[in-house]
Amino acid sequence: MQSKRKLAVLGSTGSIGTQALQVAALHSDRFQITALTANRSKEKLFEQVRQFRPQLAGLVEPISMEEIPDDLKFCQWVFGPECLTLAAQTDCDDVLVSVVGMAGLKGVLEAFLQNKRVLLANKEALVTGGHLVMEAARKAGEHSLLPVDSEHSAIFQCLQGAQGNTPTRLILTASGGPFRTWKKEDIYNARPEQALKHPNWSMGRKITIDSASMMNKALEVIEARWLFDMPAEKIDVLIHPQSVIHSMVEYADGAVMAQLGTPDMRLPILYAMSWPERLPTGGKRLDFTQMNALTFEQPDYNRFPGLKLAYDALAVGGSMSAVLNGANEVAVDAFLHEKIPFGAIARLVEETMQAVPVITHPTLEQVFECDHAARQKAAALMSRFEA
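Here the residue numbering is sequential within each chain, running from 1 through the sequence in written order. Only residues with pLDDT of at least 70 are given local features in this predicted model, and only at 80 or more are side-chain atom pairs given and counted; all residues enter the totals for whole chains, interfaces and linings. Water and hydrogen atoms play no part in the side-chain values, which are based on all heavy atoms of the structure.

Moving on to the overall build of the chain. Helix and strand content of the chain: 15 helices and eleven strands. Since a compact globule built from 387 residues should have a radius of gyration of about 21 Å, the 20 Å found for the chain is in line with a globular shape. Over its C-alpha atoms, taken along the principal directions, the chain stretches across nearly 55 × 50 × 40 Å. Evaluated residue by residue, the chain yields a buried proportion of 56% over its 387 residues. Looking at the chain alone, contacts between residues at least 24 apart form 69% of all its contacts between residues at least 6 apart. Accessible surface is estimated by sampling points in the Shrake-Rupley manner with a 1.4 Å probe; for residues, cover comes only from the protein chains shown. Of the accessible surface of the chain, which amounts to about 17000 Å², a share of 49% is contributed by carbon and sulfur atoms. Charged-residue counts in this description rest on Lys and Arg as positive and Asp and Glu as negative, His and the chain ends being excluded. The atom standing in for a charge is NZ when the residue is Lys, CZ when it is Arg, CG when it is Asp and CD when it is Glu. Positive and negative charge centroids in the chain, built from 38 and 44 side chains respectively, lie 2 Å apart. Starting at the N terminus, helices and strands are each numbered in turn, a helix being any DSSP run of H or I of at least four residues and a strand any DSSP run of E of at least two. In this description the radius of gyration comes from C-alpha coordinates, and the expected globular size is given by 2.2 Å times residues to the power 0.38. Throughout, exposure labels follow a simple rule: accessible area from a 1.4 Å probe, protein chains only, divided by the maximum for the residue type, with under 20% read as buried, over 50% as exposed, and the rest as partly exposed. Contacts were defined at the residue level, with two residues in contact if any of their heavy atoms lie within 4.5 Å.

Spatially, seven strands are ordered β4-β3-β2-β1-β5-β6-β7 in an open sheet, and the strand pairing comes out parallel. Every other strand in the sheet has two partners, leaving β4 (76–79) and β7 (145–147) as the edge strands with one partner each. Between one strand and the next, the sheet's axes are offset by a mean angle of 20 degrees, whatever the strand orientation. As paired elements, strand β3 (residues 56–59) and β4 share four bridges and run parallel to each other. In the strand pairing of β4, leucine 56 is matched with glutamine 76. Here an angle of 0 to 180 degrees is reported between the N-to-C directions of two axes, which are lines fitted to C-alpha atoms, with helices fitted over the stretch in contact. Relative to strand β2 (residues 31–38), helix α1 (residues 15–26) is tilted by about 160 degrees, and along the sheet it contacts β1 (5–10), β2 and β5 (94–97). Two strands are said to pair when DSSP picks up at least two bridges between them.

Before going further, it helps to spend a moment on the pattern of salt bridges. When a carboxyl oxygen of Asp or Glu lies within 4 Å of a side-chain nitrogen of Lys or Arg, that pair is called a salt bridge. Inspection of the entire model under this criterion finds 27 salt bridges. The salt bridge involving lysine 42 is made with glutamate 67; its shortest N-O contact spans 2.5 Å. Of the two residues, lysine 42 is situated in helix α2 (residues 42–52) and glutamate 67 in the loop between β3 and β4; the sequence distance between them amounts to 25 residues. Given the relative accessible area of 25%, lysine 42 is considered partly exposed. For arginine 266, the salt bridge goes to aspartate 264, with nearest N and O atoms at 2.9 Å. Given a relative accessible area of 12%, aspartate 264 falls into the buried group.

Right, let's get into the sheet that holds strand β9 (residues 235–239). The strand order β9-β8-β10-β11 describes an open sheet built from four strands, whose pairing is mixed. Each end of this open sheet is capped by a strand with a single partner; those strands are β9 and β11 (256–260). Neighbour to neighbour, the strand axes of the sheet diverge by 20 degrees on average, direction disregarded. Inspection of the sheet shows strand β8 (residues 167–174) paired to β9 by five bridges, in the parallel sense. If you follow alanine 174 over to β9, its bridge partner there is isoleucine 239. Lying over the sheet, helix α6 (residues 150–159) contacts β8, β10 (245–251) and β11, oriented at roughly 40 degrees with respect to β10. Helix-sheet contacts for helix α10 (residues 215–227) involve β8 and β9, and the interaxial angle to β8 is about 155 degrees.

Paired rings are identified among Phe, Tyr and Trp, the last through its six-membered ring, by centres lying within 6.5 Å, and are further divided according to the angle between planes into stacked (under 30 degrees), edge-to-face (over 60) and tilted (the rest). Taken as a whole and judged by the stated rule, the model has seven aromatic pairs. Ring centres of phenylalanine 179 and phenylalanine 342 lie 5.1 Å apart, and the angle between their planes is 80 degrees; on these two criteria the pair is classed as edge-to-face. Here phenylalanine 342 lies in the loop between α13 (320–336) and α14 (344–355) and phenylalanine 179 lies in the loop between β8 and α7 (184–188), a separation of 163 residues in the sequence. On the numbers, 5.2 Å between centres and 70 degrees between planes, the contact of phenylalanine 335 with phenylalanine 342 is edge-to-face. By relative accessible area, phenylalanine 342 is classed as buried at 4%. Pairwise contacts between aromatic rings join Phe179, Trp182, Phe335 and Phe342 into one cluster. In this analysis the charged atom, NZ for Lys or CZ for Arg, is taken to sit over a ring once it is within 6 Å of the ring centre and within 35 degrees of the ring normal. The cationic tip of lysine 106 hangs over the ring face of phenylalanine 368; the distance from NZ or CZ to the ring centre is 5.0 Å. Above the plane of the ring of tryptophan 226 lies arginine 225, whose end atom (NZ or CZ) is 3.9 Å from the centre.

On to a nonpolar patch on the surface. The patches reported here contain residues having more than 30% relative accessible area and no salt bridge. Joining distances are 9 Å for like charges and 5 Å for nonpolar side chains (Val, Leu, Ile, Met, Phe, Trp, Tyr). On the surface, a nonpolar cluster with roughly 340 Å² of combined accessible area is contributed by Leu260, Phe288, Leu294 and Phe296. Tracing the backbone shows phenylalanine 288 in the loop between α11 (266–274) and α12 (306–316).

Our next topic: the packing of α10 against α13. Contact geometry of α10 with α13 gives a least axis separation of 12 Å together with a crossing angle of 155 degrees. Accordingly, the angle class assigned to the pair α10 and α13 is roughly antiparallel. When the axes of α10 and α13 are compared, the crossing they make is left-handed. Here Met215, Leu219 and Ile222 of α10 lie close against α13, whose contacting residues are Ser321, Leu324, Asn325 and Asn328. Among the residues forming the contact of α10 with α13, the class breakdown is four nonpolar, three polar and no charged. For classification purposes, an angle smaller than 35 degrees is called roughly parallel, one larger than 145 roughly antiparallel, one from 65 to 115 roughly perpendicular, and anything else oblique. Each crossing is labelled by how the near helix is turned from the far one, with a counterclockwise turn of less than a right angle marking it left-handed and a clockwise turn marking it right-handed. Note that Gly is not counted as nonpolar here; it falls among the polar residues with everything else outside the nonpolar set of Ala, Val, Leu, Ile, Met, Phe, Trp, Tyr, Cys and Pro and the charged set of Asp, Glu, Lys and Arg.

Turning next to the nonpolar core. Formed by 125 residues in total, the largest nonpolar core has its most connected members in Trp77, Val133, Met273, Ile340 and Phe342. The element that contributes the greatest number of residues to this core is α13, accounting for ten residues. Beyond its immediate stretch of four places on either side in the chain, phenylalanine 342 contacts Phe179, Ile187, Tyr188, Ala190, Ala195, Ile209, Ala212, Ser213 and Phe335. Buried residues of nine kinds, namely Ala, Val, Leu, Ile, Met, Phe, Trp, Tyr and Cys, make up a nonpolar core once their side-chain atoms join them within 4.5 Å.

Now the structure itself:
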């Protein structure tokens, strides 16, 4: 009988975490959950602990032990940001890092220190500390880091067929979001409820706003640069509204390999969890007879200036990507609270990037310092864009 892979889930109550637990439950003979952490969704976490009975459960925002139901006191409870690193120290094989924000960076590095395989669904880890993460991954060994994002999973899957051939170009596909056909002035004044209506994917609020601004794709370009050791000039973005082709890899002879599937995050999540095997997700299969067309467009940097900022950040190097990320988180939060218009998100990020000094080879501590500096500067500049 095949032994179960033990999995710690950092960010278990979010979109990726809940879907990971769905497929873990579907294949309960293959996976065992050892740790679950959440930011503040205690009731949802309580339900998950009841179902999966992990060794450890944690909340980043502390509560008292009196709030823990008696039937859930069988496991170790930890509170505060340290719950993320403690979860990575449990008796597990893999650590799924699906928290949102800079906290994911420490969780990733701790998992590598504990000789765990990292299933990465946290953009900030690679965007802000790519050099630190990849150095830790190299020390941990080949395939110690597996991507969960659908685009990077697609590239990883395409590279399985490379047979030693070096890819010449990576092509990240993007749906174009809810404003793909909108005029620039209408995009600028879009409301939060409009930006949160993604045409294809069901995601958390922050990543949905990033998708609408195409800042999400900017972050993915930076991630791809680190994950696949590919220079920025060889990473392209292509608008593909149907979200059937999740990304592509081009080779020296002009051949292009693409990974296709329904827009269902359970597929890349389970692929990372079960790699190198493939297990059924229980989701809808791709039906080619129901497709009228697969269409593609060049991204419009004029209407979506956030995308270009990724290439600007990579050209500067060092801590600039951390500045981009920190400023964007402040800008998105301000937009969701209707403090700035949607079109000001990219402008605020760009001005912050121009104002914060760059560190060429930042340490972990310096990455967090740059993130803090970016957030402070973005907040200080915000009055220029207030709605």
